[in-house]
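These are the residues of each chain, in order.
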Amino acid sequence: MTEIADIYKSRLANLDGWRDAGIEPYAEKVKVTHHAGGLQEKYAEIEAGFETGDTVTVAGRIMSVRNNGMFIDLQDHTGKIQIFSHKQNLDPKYMETLKLFDLGDIITVTGKVRRTPRNELTINSEHIQLLSKSLQPLPEKHHGMTDIELRYRKRHIDLTDNEISKDVFIKRSKIITAIRQAMLDEGFLEVETPMMHPIPGGATAKPFVTHHLALDQQLYLRIAPELYLKRLIVGGISDKIFEIGRCFRNEGLSPKHNPEFTSIEAYQAHANYEDMMDLVEKTVQAAVKAVHGTTKVTYKEQEIDFGGSWPRKSMTELVKEKTGVDFLETTDAEEAIKKGRELGLDVPDGSNWGQVVAIAFDEKVEATLIQPTHVTDLPLDISPLAKAKPSNPRLTERFESFINGWEIANAFSELNDPFDQYRRFKAQSEQKDAGDDEAHHFDEDFIETLEFGMPPTGGLGIGLDRLVMLLTDSHNIRDVIAFPTMRPAAAASLVTKMDGKT
RNA sequence: GAUCGCUUAGCUCAGCCGGUAGAGCAACUGACUUUUAAUCAGUAGGUCGAGGGUUCGAAUCCCUCAGCGAUCACCA
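Quick summary incoming for the structure in this document.

Details of the overall build of chain A
Okay, so step 1: The helix and strand inventory of chain A stands at 15 helices and 20 strands.
Okay, so step 2: Overall size of chain A, expressed as C-alpha extent along the three principal axes, is 90 × 50 × 50 Å.
Okay, so step 3: Within chain A, the proportion of its 502 residues that are buried is 49%.
Okay, so step 4: Counting only contacts in chain A whose residues sit at least 6 apart along the sequence, the fraction spanning at least 24 positions is 67%.
Okay, so step 5: In the form shown here, chain A has an accessible surface area of approximately 24500 Å², with 50% of it arising from carbon and sulfur atoms.
Okay, so step 6: Chain A carries 60 positive and 79 negative side-chain charges, and their two centres are separated by 6 Å.

Now the structure itself:
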């Protein structure tokens, strides 16, 4: 017999013990009057040895047991509190069932609150009862579950066990709530658009493909909600809309990339990219304040200040600062490629002017942008949905916001000229034909949408997972996604674990 | 996709130059209504990630594969 089976069987025996005692081991709910955290706070000041006489009912998980079940550490979602089960207070019939408890069991306790002579806030149990039996062993109580892979695969254990992990997901929720609230405060309407697209659009990325049976139709999981949100702007449902939701990209995994990730996209009619910069600052600052109470955050021992108005610098200007090369002075792609290669950049043959600028920026500038910075005026070649800059048609009214060397936001004055959009899609589809499987698809329906007339509009996207990473000092995106995408676990280990259960 | 590293009991980890598989916690039996990582005595628990090879002998050396991590590449 393997040991896991041993533990499992002993717990099963205890489960039967409850039934023998006439108590259902998966009980009905009880009325919980207090939580551990609240009690710790309320009675923080009482002295060691003081008995309050206040009766409370709590419920939670048994995290540790001392002295034959006399002392139990009970944990609920707010914290821990000690339970004292002594024959002075506890009905003999409950004394009998104490031995049926296992670590991890969810129980309820009613009794009076006191502080023990050893200064531990404690409930003297008068009634203690199983609410739900735990058949699986919890991780080791001192070190907890540190195996990073197991924490990702078995998040339910990680959360019961790991305060830091729990805190990250609570903060994630607060960050998203703060951003949503900031958008609502700005007068934006929250909307929803399809996640299954007949033509994937709105971003440069490889999509997931799926198939609808009844329609016999190929569909793509969305890589961005952008084009649908613009359709809503055309429709005029509101001048200000936003969507918070999942996007899916069929690309490599890394500490900064999960195949599904959460973004916010916002569109504002009669606004432009400069208005979007203000909006990025407002929403991100609201998120920072919601979890830190200040605008300053430490990430990997580096202080990042999200406060104030962030510097706005053009991409070509930044490249010039770092390399001495002003790509605005290059007249065509060939000259740009030559200059780029002189800088030691790996520039593929056939790159266009904008792609060279982007490579120079990625290689030479990106990693240096630690403090929040809006990088503006991105090349038109790499911005197929952004409006060209009137003063320089090679550039667009687009910016990306960088923090800690990461692109956190991407925004622009939306291209609303259907003729221009037609030409951009055409250029993209030529790139696609040339073998670029990330180039945008040609979306005729979207062209038609623009033909109805879209007002001048500013659009914005923010990657929320990365923002959560920054605000929780998390160094892997999997630490901020409750159930990150994982390869299937080795079959053998799972089967072994299941063996004992039958 | 490339390089490097990790994988030993349910959990956390030792295991050196190849020589019978180890500890703590958890579990089980017993003692004690006593605590703060409770204590004491005892018991049990292993396909050493998987497969192959070298060897008299492999957790250990070699090869292949898998999962995970870090870095790089693509991307947000």
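Alright, that's what it looks like, and here's the rest.
Topic: the environment of methionine 145
Okay, so step 1: Looking at the element boundaries, methionine 145 is found in the loop between β5 (121-132) and α4 (148-153).
Okay, so step 2: Methionine 145 gets classed as buried once you look at its relative accessible area, which sits at 11%.
Okay, so step 3: A sequence separation of 17 residues divides methionine 145 from asparagine 162, and the C-alpha atoms of the two residues are 7.6 Å apart.
Okay, so step 4: Apart from residues no more than four positions distant in its own chain, methionine 145 is found in contact with Pro139, Leu150, Arg151, Lys154, Ile157, Asp158 and Asp161.

Considerations on the protein's contact with RNA strand B
Okay, so step 1: Inspection of the region around RNA strand B gives 49 residues, with Met70, Met95, His142, His257 and Arg466 positioned closest.
Okay, so step 2: Expressed as a percentage, the sugar and phosphate content of the atoms of RNA strand B within 4 Å of the protein is 60%.
Okay, so step 3: Within the contact set of RNA strand B, a base oxygen lies 3.3 Å away from a side-chain nitrogen or oxygen of threonine 116.
Okay, so step 4: Side-chain polar atom of glutamate 251 to a sugar or linking oxygen of RNA strand B: 2.8 Å apart, as the coordinates give it.
Okay, so step 5: Those elements giving two or more residues to the surface near RNA strand B turn out to be α1 (3-20) and α4.
Okay, so step 6: Per element, the largest residue contribution to the surface near RNA strand B is five residues, and it comes from α4.

Calculation criteria
Each chain carries its own residue numbering, running from 1 in the written order of its sequence. The naming scheme follows written order: chains are lettered A onward, ligands numbered 1 onward. Local features in a predicted model are, by the rule used here, given only for residues with pLDDT of at least 70; side-chain atom pairs are given and counted only at 80 or more, and totals for whole chains, interfaces and linings are based on all residues. Note: side-chain values were computed over all heavy atoms of the structure, leaving out hydrogens and water. In this text, helices come from DSSP runs of H or I with a minimum length of four residues, and strands from runs of E with a minimum of two, each type numbered from the N-terminal end. Only protein chains enter the accessibility calculation, which uses a 1.4 Å probe; a residue whose area is less than 20% of its type maximum is buried, one above 50% is exposed, and one in between is partly exposed. Contact criterion: two residues are considered in contact whenever any of their non-hydrogen atoms come within 4.5 Å of each other. In these tables, accessible area is a Shrake-Rupley quantity obtained with a 1.4 Å probe, and a residue counts as shielded only by the protein chains included in the view. Neither His nor the chain termini are counted; the positive set is Lys and Arg, and the negative set is Asp and Glu. In this description, the location of a charge corresponds to atom NZ of lysine, CZ of arginine, CG of aspartate or CD of glutamate. For this purpose, a residue is taken to be near a molecule or strand whenever a single non-hydrogen atom of the residue falls within 4 Å of it. Between N or O atoms, a polar contact is any pair within 3.5 Å; within protein, one atom must be a potential hydrogen donor and the other a potential acceptor, and residues adjacent in sequence are included only when both atoms are from side chains.

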